[in-house]
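Take a look at the letters that make up each chain.
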Amino acid sequence: MTKQVTLTIDGQQVAVSEGTLIVNAAKQIGIDIPVFCYHPKMEPVGMCRQCLVEVGRPVVDRATGQVVMEDGKPKIQFGAKLETACTTPVSDGMVVLTASEKAKANQREILEFLLTSHPLDCPVCDKGGECPLQNLTLAHGAPASRFIYDEKQHADKRVPLGDLIWLDRERCIQCARCIRFQDEIAGESVLAFYQRGRATDIITNSEPGFDSIFSGNTTDICPVGALTTADFRFGARPWEMKAAASICSQCPVGCNVTLNTRREAKSGGKVVLKRVMPRQNEAVNEIWICDKGRFAHHFTENEHRLATPLARKDGKLALVSWDKALGLVAGKLADAKGEAVVLASGRLSNEDLFNLKQLADGLGGEALLYTQMGGGELTTAYGVPAGTNFAEMGIGTTILVVASDLYNEAPIWYLRLKQAAERGATLILANARETKLEKYSQFVVRYSYGDEAETICGLAKKAHVGEAITSAENLVVLYGSDGLGLDGSSALAAACAELVKSRAGKPNNGLIGVWPRANDQGAWELGFKPVADLKAVFQKANVVYIAGADPFGDNPELTSRIPHHASRIPQHASRSTHPAPFIIVQELFLTETAKLADVILPAQAVTEREGSFTSGERRAQRFYPAVPARGQSRADFVITAQIAAEFGLELEGRFAARVMDKMAATVKTFAGISYRELAETTEQWPIVGRGDLYYGGTTYENKQGLGVILALSPSPTGRGARGEGKPLRPDEDHWLAVPVTRLYDLGITVATSALLKARTGGAHILLHPDSAQKLGLAAGEQVELNGNRLEVRLDPTVPVMVALVPRSMGVPIAGPMVAKIKAA
Amino acid sequence: MRVLEPLIELRRGLWTTLRSMFEKQVTTQYPEHKRPVKARFRGLHVLKRYDNGLEKCIGCALCAAACPADAIFVEASENSAEVRYSPGDRYASTYEINLLRCIYCGFCEDACPTEAIVLGDQYELTFTNRRAAIYTKDMFIEPVPAAGKPTPQKTGPGMFTRSVPEMKDPSD
Amino acid sequence: MRNPQSAIENPKSRAMLLAALYIAQEQYGWLNPEAIRRVADRLNLTEGQVRSTASFYTLFKLEPQGRYRIQVCEGLSCYLVGGAEPMMDFISKKLKIKPGETTPDGKFTLEVVECLAACDLAPALKVNDELYGQMTAEKIDALLEELRNV
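Residues numbered from 1 in each chain as written. Chains lettered and ligands numbered in written order. Predicted model: local features only at pLDDT ≥ 70, side-chain atom pairs only at ≥ 80, totals over all residues.

**Q** Is there a simple way to explain the overall build of chain A in this structure?
**A** What chain A contains, in helices and strands, is 25 helices and 39 strands. Here the C-alpha atoms of chain A give a radius of gyration of 29 Å, agreeing with the 28 Å that 2.2 N^0.38 yields for 824 residues. With respect to the principal axes defined by its C-alpha atoms, chain A has extents near 100 × 65 × 60 Å. Relative to all contacts within chain A whose residues are 6 or more apart in sequence, the contacts with residues 24 or more apart total 72%. (Helix = DSSP H or I, 4+ residues; strand = E, 2+ residues; numbered from the N terminus. Rg over C-alpha atoms; globule rule 2.2 N^0.38 Å. Contact = placed C-beta atoms within 7 Å.)

**Q** Explain the confidence of the model for chain B here, please?
**A** Mean pLDDT for chain B: 91, with 95% of residues reaching 70 or above. On the interface metric, ipTM, the complex scores 0.87, and its pTM is 0.91. (pLDDT = per-residue confidence, 0-100.)

**Q** Help me out: how do you make sense of the interface of chain B and chain A in this one?
**A** Interface size is often expressed as the accessible area that is lost when the parts come together. With 20 residues of chain B at the interface, the matching set in chain A holds 15 residues. Of all the secondary structure elements, the ones that give two or more residues to the side of chain B that touches chain A are α2 (62-66), β2 (72-78) and β3 (90-98) of chain B. For the side of chain B that touches chain A, the element with the highest residue contribution is β2 of chain B, accounting for four residues.

**Q** How should I be thinking about the packing of helix α8 (residues 350-363) of chain A against helix α19 (residues 636-646) of chain A in this particular structure?
**A** Helix-helix packing is described using two parameters, namely the angle between the two axes and the distance between the axes. Residue and element names in this part refer to chain A. Across the interface, α8 lies against α19 with an axial gap of 8 Å and an inter-helix angle of 20 degrees. When the interaxial angle is binned, α8 and α19 end up roughly parallel. Every pair of crossing elements has a handedness; the one defined by α8 and α19 is left-handed. Here α8 contributes E351, D352, N355, L356, L359 and G362 to the contact with α19, which in turn contributes D636, F637, T640, A641, I643 and A644. A per-class count over the contact of α8 with α19 returns six nonpolar, three polar and three charged. (Axes fitted to C-alpha atoms, helices over the stretch in contact; angles between N-to-C directions. Parallel < 35°, antiparallel > 145°, perpendicular 65-115°, else oblique. Left-handed = near helix turned anticlockwise from the far one by under 90°. Nonpolar A, V, L, I, M, F, W, Y, C, P; charged D, E, K, R; others polar.)

**Q** I'm lost on the sheet that holds strand β5 (residues 134-135) of chain B in this one. Help?
**A** The strands that make up a sheet pair up through hydrogen bonds in the backbone, lying either parallel or antiparallel. Residues and elements named next belong to chain B. Strand order in the open sheet formed by three strands is β2-β3-β5, with antiparallel pairing between adjacent strands. Lying at the two open borders of the sheet, with one neighbouring strand each, are β2 and β5. Pairing of β2 with β3 involves seven bridges; the strand directions are antiparallel. Among the inter-strand pairings, F73 is bridged to a residue of β3, identified as E96. (Pairing = 2+ DSSP bridges.)

**Q** I would appreciate a short explanation of the packing of helix α2 (residues 17-28) of chain C against helix α3 (residues 33-43) of chain C in the present structure.
**A** All names here are of chain C. With their axes 10 Å apart at the nearest point, α2 and α3 run at an angle of 145 degrees to one another. Crossing geometry of α2 relative to α3 is assigned as right-handed. Every residue of α3 that contacts α2 at L17, A20, L21, A24 and Y28 is listed here: A35, R38, V39, R42 and L43. Here the contact of α2 with α3 is composed, by residue class, of eight nonpolar, no polar and two charged.

**Q** Which parts of the structure should I look at to understand the sheet that holds strand β29 (residues 599-602) of chain A?
**A** All names here are of chain A. If you trace the eight strands from one edge of the open sheet to the other, you get β18-β17-β29-β28-β27-β19-β20-β26, paired in mixed fashion. The open sheet has two free edges, formed respectively by β18 (316-319) and β26 (529-530), since each of these has just one partner strand. In terms of strand pairing, strand β17 (residues 310-313) meets β18 through four bridges, oriented antiparallel. By the bridge assignment, K313 is partnered in β18 with K316.

**Q** Sorry if this is basic, but what is going on with the interface of chain A and chain C here?
**A** Each partner contributes residues to the interface: chain A has 13 residues there, and chain C has 12 residues. Of all the secondary structure elements, the ones that give two or more residues to the side of chain A that touches chain C are β11 (191-194) and α11 (411-422) of chain A. If you tally residues by element for the side of chain A that touches chain C, the top one is β11 of chain A, at three residues. Of the residues assigned to the side of chain A that touches chain C, the class counts are six nonpolar, four polar and three charged.

Set out below in structure tokens:
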């Protein structure tokens, strides 16, 4: 416990821990000291001078070292000048006056200075209505300016800092919050001041401009409308939009977000999603979200979304009614019984997956998880328990990251681990190639692709690294699927689990899977099993019910089992005697898989319905409906329940909350959890999103629930350790091609956002410059990899004779493979 | 006497009638004759233009925010030098007022930072259905002045960059 | 809160930045992108930080400079002896450039500066690091001619 210091602010006594800044001490007792440059998440700089207050300290007699008393009270000596509340730490007996005549005059005058050249843009400014400068001027500003209006300085009003962020130079008040965010929090110093005085300008010094995946956050903390997002520019006035709490569905971090919606004439009078804003959850995403979460929401409103059920008639997909589609599907499933297979992905919510599992169990069929990453039974058993928070990790904690490029796979975890490392946590990175987080790590373990599990098994015995792991007070292991398929990652998970087994159930200890999808963890918790050989599934099953997955899009070879695509059947496959399975697809889009389906059931997007996701940290979090459903689409759990009802199996198909109640009653790790509990909140620090926008930015306050970390399942339910299979070691003529994840890929949830297109690019592979030279290739040229034409990009961090193939970028790759690469 | 009383009353009444025949008329023959409205009369809204034809409305939606009857709907879009409707970055791509809801209080005029919306003299409004009571931008916008060009205009880069006209005298 | 061990910025290297920029400017004549990159590499800073700092100081040049930088004093003493303005006009006309510009052949850059601390020699001007005092039209003419033919 740190030492407590007692001081008086505006007559109120407050006790805070030593080192607290005056501005924060005041905030704790509800006194707002206006600030522009100070932000509770960043180091203070004291640049804007808006927070100047009168500070008095007790007079100490130099001879005796005693506090001088006057009329029975300590004598207080006030400084001749005001002090900045944002840089001055509190001290015992301090007296602070934030609203004295002197302090008020200063606040008024600083605002007057700031407004000398601030344009009168409020009516057109995107920040207008949620603008700290506006609010503080109203609260503290002078009624009239003494400066001459004609002498306002003018500057460029439309400067693109990058594809995503626009700068209005006139509005900037040079608080440097954006620059400091990029330097201190994001760790990507791509913004800087240029020149000085009135000519000061914010510039980007990266190519392409503002090359950061956290750039959107700068618009939240900008205290004026200088930085705006290209996505929302002039979209709506802040007060016109409605807000709905949600959970980002793009990665396993589960960032809490708020969806702002508005009815819009441009969209034909529909209620549409205008912007995604972060919602505070200090245990998950603090007050930040990445650019993918902020800008890749357009898939939910894409015009190609499925709106009605479709069924195959004479070889073609035709519109049918829901009743007909459900009857058809239920009939086929009831006939198939144990020959029916449910194939779902972690894109679905807990409720959807629970109902699908119940349906599969009811039929006696299998519930399979569509994934290329295994080990979920181990994260369920040895995952991080309640009370875990990256923000509390520092000295004494060891964090091991294996086979994961967190910057691309889970950007907010990247931020949080970086911060943990800066607080003194020991960060160990094990990967076959250099990743961005290595800059902040204490130890780097390098292995060859294929040796992941073996390396981790031997890690504890290594000299320094081993000691850091075994002697750590807390140990968290994050493992991913960088360069791995299902087998490799399952084996890796088993090796990682060995390290944390003895610590199971201790807060801030455990295994975390960096899953490719938002709710993969939830699927594992609910008993879904991964499938290694999809081809065999399609060969054996009579009916395959695919929800939220696109196996045929990811691997076109699978189509050989489906007759509608006669043209694509290779000769040898048609000899199979087993008839092709009946395929039911429940989807948002007409994916490659949906094109082959016998029945397509349109599902609702995450923005249109209620539900919950389980994050990689095993935190169940609720999302709420924000916009009306597209066409006749229905929520996944509703569709499943309605199918089940057709053949007499009773599932909850009306309220997501009731599905959760059922889950709580039957699934061990969900025991006792209810929607009400998930919606509970507690006071969080720093205080954001209230009237004091100038303090934390426009991040939303969390009023809709912080979520609950699930209980651990004491015994692993699955097979767990599977170490067989030798690493692939190609010969001289062949290459090792391994899958990696990129933040912006060509998957449907990202590719539908036009803004991100420039950052995504086309299909490509990454090679070491030496490897490329061997092939006689330069960057940008085309290669052929197993029949796919790709662009070559050079990256010196890639091992030699290895090709990195980004997932969902046009080349099917499930796991590491031996490939032939040649110049095309 | 009782017999005469009605006669007296009758005479008094007829006298009033007779007198009023020679007084100045207070009614007008509407609609043939229309009485001019008072200077501060609040009738149908007009969206004004600058002399060069650019629209004064910048789509800020402050009128919608001020409207106590929630009758106004504004949606903005971005101007560019090639396609410019109003000065500055933003213009109203949709501007609708539900005249069944409007109470002609004039708060929208007060809220407007560019004096784009003005309650005019027109008061002859009839609708035959609710949909027709929602007037759109083209029904409010003033005709292009003689010296101006219709919108959208093609203007040079760097021209008309400010949404709100600069004030010479802040007390103005 | 921060762990001093993992300090991202080495305070020493930032302290050396101004000196390094000065040396780089001497070597390259101006702070071209290559100079900035080399300074950043040597001090382990980002190019942005270096450029940002360089842009703050008017003595660091981020645009190509002439081989001879003529700095004409505009201080009080030079002004009062009637030197500053006529001297400026004269050189301007002679070199056909305005203050702040460089001649097309890259030989001369003309600048106005505040006091050169050579009031006793007013009117004064500086060419690169060399001071010339009590300038007259003839002396300037001769000086420019000499420099042009070097």
